[in-house]
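A closer look at the structure
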Amino acid sequence: MRRKDREMPEEFAKQVFDECEYATVSMTDKDNQPYAVPVSIVRIDNGLYFHAALAGKKTDCLKLHPQVCVSTVSWSHLVADKFTTEFASAICHGTASEVTEDSEKIVVLRAMCEKFHASNMHNFDNAIAQSLSRTAI
């Protein structure tokens, strides 16, 4: 980070990941070209999770080149009299791996649904029954 005076502690980053509405996952495609896609994420302990289809460009990229960079912003506002924007952001680098155990997938999906759709949790079990087999985590 160029401006070390603006660097925040790890707990701040965790809070940003917990509060964000979405994140952008950057990866590399089969032609070694950058590819970035917005995703809904949830943090469990020190892991970040997002869902995907079982097939598609995102899935293909992650299988070929699992190294990722995840970037998100939890809030921002313009400071008009200073011609700037203030925001809370977090970036992390890591290696993506697919969650293959149904029990772990359900834990992640439950956490994701509680974060983004808490008022609709009464439909969670039905949604899992219909789509777990075609959802990648």
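Parameters and conventions
- Residues numbered from 1 in each chain as written.
- Predicted model: local features only at pLDDT ≥ 70, side-chain atom pairs only at ≥ 80, totals over all residues.
- Heavy atoms only, no water.
- Helix = DSSP H or I, 4+ residues; strand = E, 2+ residues; numbered from the N terminus.
- Buried < 20%, exposed > 50% of the residue type's maximum accessible area, 1.4 Å probe, protein only.
- Areas by Shrake-Rupley, 256 points an atom, 1.4 Å probe, with all protein chains shown as cover.
- Core = buried A, V, L, I, M, F, W, Y, C linked by side-chain atoms within 4.5 Å.
- Contact = heavy atoms within 4.5 Å.
- Pairing = 2+ DSSP bridges.
- Axes fitted to C-alpha atoms, helices over the stretch in contact; angles between N-to-C directions.
- Parallel < 35°, antiparallel > 145°, perpendicular 65-115°, else oblique.
- Left-handed = near helix turned anticlockwise from the far one by under 90°.
- Nonpolar A, V, L, I, M, F, W, Y, C, P; charged D, E, K, R; others polar.
- Salt bridge = Lys/Arg side-chain N within 4 Å of Asp/Glu carboxyl O.

Here the focus is the overall build of the protein chain. When you go through the protein chain residue by residue, the secondary structure sums to four helices and eight strands. For the protein chain, the succession of helices and strands along the chain, N to C, is α-β-β-β-β-β-α-β-β-α-α-β. Across the 137 residues in the protein chain, those meeting the buried criterion constitute 28%. When the accessible surface of the protein chain is totalled, it reaches about 9,300 Å², and 51% of it is carbon and sulfur.

The next subject is the nonpolar core. Of all hydrophobic cores here, the largest spans 16 residues; its most connected members are Val25, Met27, Val39, Ile41, Phe50, Val68 and Val70. Contributions of two or more residues to this core are made by helix 1 (10–19), strand 1 (23–28), strand 2 (34–39), helix 2 (57–64), strand 6 (67–79) and strand 7 (84–95). Those residues in contact with Val70 that sit more than four places away from it in its chain are Phe17, Ala23, Thr24, Val25, Leu48, Ala90, Ile91 and Cys92. Counting residues in hydrophobic clusters, the runner-up holds 11 residues, among them Val108, Ile128, Leu132 and Ile137.

Glancing now at the pairing of strand 4 (residues 47–50). As judged from the four bridges shared by strand 3 (residues 41–44) and strand 4, these two strands associate in the antiparallel manner. Bridge pairing in strand 4 places Ile44 opposite Gly47. Connecting the antiparallel pair strand 3 and strand 4 is a turn made up of two residues, with Asp45 showing a positive phi of about 55°.

Viewed as axis vectors pointing N to C, helix 3 (residues 102–116) and helix 4 (residues 124–131) meet at an angle of 135°, and their least axial separation amounts to 11 Å. The angle between helix 3 and helix 4 places the two elements in the oblique class. The element helix 3 and its partner helix 4 pack so that their crossing is right-handed. Note on element contacts: helix 4 touches helix 3 through Phe124, Asp125 and Ile128, opposite Ile106, Leu109, Arg110 and Cys113. By residue class, the composition of the contact of helix 3 with helix 4 is five nonpolar, no polar and two charged.

Bringing the environment of Gln67 into the picture now. In this fold, Gln67 is placed in strand 6. A C-alpha to C-alpha distance of 5.8 Å links Gln67 and Gly94, two positions 27 residues apart in sequence. For Gln67, the residues in contact, after removing those within four places along its chain, are Ser26, Met27, Gly94 and Thr95.

Below, the discussion takes up the environment of Ser119. By secondary structure assignment, the location of Ser119 is in the loop between helix 3 and helix 4. Through-space distance from the C-alpha of Ser119 to that of Gln33 is 40 Å; in sequence the pair is 86 residues apart.

On inspection of all chains with the given rule, the structure shows five salt bridges. Residues Lys57 and Asp29 are paired through a salt bridge, measuring 3.6 Å at the closest nitrogen-oxygen approach. Highlighted residues: Lys57 in helix 2 and Asp29 in the loop between strand 1 and strand 2, separated in sequence by 28 residues. Among the ionic pairs, Asp31 bridges to Lys30, the shortest N-O distance being 3.4 Å.

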